Amino acid sequence: YAPYSSNSGFYYTRSNKKVQYLLTSLLYHGDLIRKTRSHQQVLNQLLLEHSSLFGLKVKVLDRHDYKLFPGGYHFNYDHSTMHQIISGKIQPYIFHMFFTDGKETKVKFLKQFGEWYVHDQCTQKLEDNANNLLASSYCCSAKPLLSCYYKDKPSAIPCNDSPSHDKNGESFWKQ
């Protein structure tokens, strides 16, 4: 097992020559990323290589620290943790929807979870208008944009009348 099992969907780096070289190397490995269909595998390999060869210091968040850094794994498989987040007993620093295939599914899950704040008409335009404050206030909601999609996935409100996402999925809000 590699000592670094990072999630390449969310990371923080310092600005220095070693990190610049790491990220340049990641760009140069675009063919491998395309072949493996995973930038995460390539990044993990490069973290190992650059720490060994060039002394890059790497710290990886504890993926088992569900109270501070929960994510898609917990959303899909740990409903007890998700109930604690919804009730406010656990207040994570960040929630990354890893362990979930596809942007469309991730957006649906985040909307249902009560953690989506971008109006539908802006999801494509937002990148084009990133520096436009008017677009930001028009596109971003102060309150979560909540929608029900699946009864068997965590939700800020009961979605018992919605279909199941998973085969034989039971309601998240079952008593």
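Okay, so let's go over this structure. Everything numeric in this text was worked out from a predicted model, so none of it was measured. (Residues numbered from 1 in each chain as written. Predicted model: local features only at pLDDT ≥ 70, side-chain atom pairs only at ≥ 80, totals over all residues. Heavy atoms only, no water.)

## Thoughts on the side chain of Ser 171
By the secondary structure assignment, Ser 171 is in the segment after helix 7 (133-139). Look at Ser 171 and you get buried, because its relative accessible area is 17%. Among the polar contacts listed, one links the side chain of Ser 171 to the backbone nitrogen of Trp 173, at a separation of 3.1 Å. Ignoring any residue separated from it by four or fewer positions in sequence, one finds Ser 171 in contact with Lys 151, Asp 152 and Asn 160. (Helix = DSSP H or I, 4+ residues; strand = E, 2+ residues; numbered from the N terminus. Buried < 20%, exposed > 50% of the residue type's maximum accessible area, 1.4 Å probe, protein only. Polar contact = N/O pair within 3.5 Å; in protein donor to acceptor, adjacent residues only side chain to side chain. Contact = heavy atoms within 4.5 Å.)

## What to know about the pattern of salt bridges
Tallying each qualifying case throughout the model produces four salt bridges. A salt bridge links Asp 120 to Lys 111; the nearest nitrogen and oxygen atoms lie 2.7 Å apart. Across the pair Lys 153 and Asp 166 runs a salt bridge, and its minimum N-O distance is 2.9 Å. Residue Lys 153 is found in the segment after helix 7, and its partner Asp 166 is found in the segment after helix 7; the two are separated by 13 residues along the sequence. (Salt bridge = Lys/Arg side-chain N within 4 Å of Asp/Glu carboxyl O.)

## Focus on the state of the cysteines
Scanning the entire structure with this criterion turns up two disulfides. Here Cys 122 is linked by a disulfide to Cys 139, with a sulfur-sulfur distance of 2.3 Å. In this structure, the disulfide formed by Cys 122 and Cys 139 twists by about -80 degrees around the S-S bond and is classed as left-handed. With a gap of 17 residues between them, Cys 122 in the loop between helix 6 (103-113) and helix 7 and Cys 139 in helix 7 connect regions that are remote in the sequence. (Disulfide = S-S within 2.5 Å.)

## Re a nonpolar patch on the surface
The grouping of Tyr 21, Leu 53 and Phe 54 at the surface amounts to a nonpolar patch, some 320 Å² of accessible area in total. When you line up the elements, Phe 54 lands in helix 3 (residues 39-54). (Patch = residues over 30% accessible without salt bridge, like charges linked within 9 Å, V, L, I, M, F, W, Y side chains within 5 Å. Areas by Shrake-Rupley, 256 points an atom, 1.4 Å probe, with all protein chains shown as cover.)

## Observations regarding unusual backbone geometry
Unusually for a residue other than glycine, Arg 37 sits at a positive phi of about 60 degrees. Assignment of secondary structure puts Arg 37 in the loop between helix 2 (30-36) and helix 3. For Asn 168, which is not a glycine, the phi torsion comes out positive at approximately 60 degrees. By secondary structure assignment, the location of Asn 168 is in the segment after helix 7. Looking at Asn 168, the relative accessible area reads 70%, which means it is exposed.

## What about the nonpolar core?
Phe 75, Met 82, Ile 85, Phe 95, Met 97 and Phe 113 are the most contacted members of the largest nonpolar core, which totals 16 residues. Put simply, the parts of the chain that give this core at least two residues each are helix 5 (79-87) and helix 6. Aside from chain neighbours lying at most four places away, what touches Phe 113 is Phe 75, Met 82, Ile 85, Ile 86, Phe 95, Pro 154, Ser 155 and Ala 156. Ranked by size, the runner-up nonpolar core spans nine residues in total, among them Tyr 4, Val 19, Leu 43 and Leu 56. (Core = buried A, V, L, I, M, F, W, Y, C linked by side-chain atoms within 4.5 Å.)

## Looking at helix 3
Look at helix 3: 21 Å from first C-alpha to last across 16 residues, which is about the 22 Å you get at 1.5 Å a residue. By the burial criterion, the buried members of helix 3 are Val 42, Leu 43, Asn 44, Leu 46, Leu 47, His 50 and Ser 51. The secondary structure elements touched by the buried residues of helix 3 are helix 1 (17-28) and helix 2. For helix 3, the N-terminal capping position is held by Ser 38, with its side-chain oxygen 3.3 Å away from the main-chain nitrogen of Gln 40. Once helix 3 finishes, Gly 55 follows within two positions and takes phi at roughly 75 degrees, a positive value. (Expected span 1.5 Å × (residues − 1).)

## Focus: the packing of aromatic side chains
One pass over the structure, following the stated rule, counts 12 aromatic pairs. For the ring pair Phe 95 and Phe 113, a centre distance of 5.1 Å and an interplane angle of 50 degrees mean the geometry is tilted. One end of the pair, Phe 95, is in the loop between helix 5 and helix 6; the other, Phe 113, is in helix 6, with 18 residues separating them in the sequence. Neither Phe 95 nor Phe 113 differs from the other in exposure class; each is buried. Taking 6.4 Å as the distance between ring centres and 40 degrees as the angle between the ring planes, the aromatic pair formed by Tyr 149 and Tyr 150 counts as tilted. Residue Tyr 149 is classed as partly exposed on the basis of its relative accessible area of 22%. In this structure an aromatic cluster arises from ring pairing among Phe 75, Phe 95, Phe 109, Phe 113, Tyr 149 and Tyr 150. (Phe/Tyr/Trp six-rings, centres within 6.5 Å; stacked < 30°, edge-to-face > 60°.)

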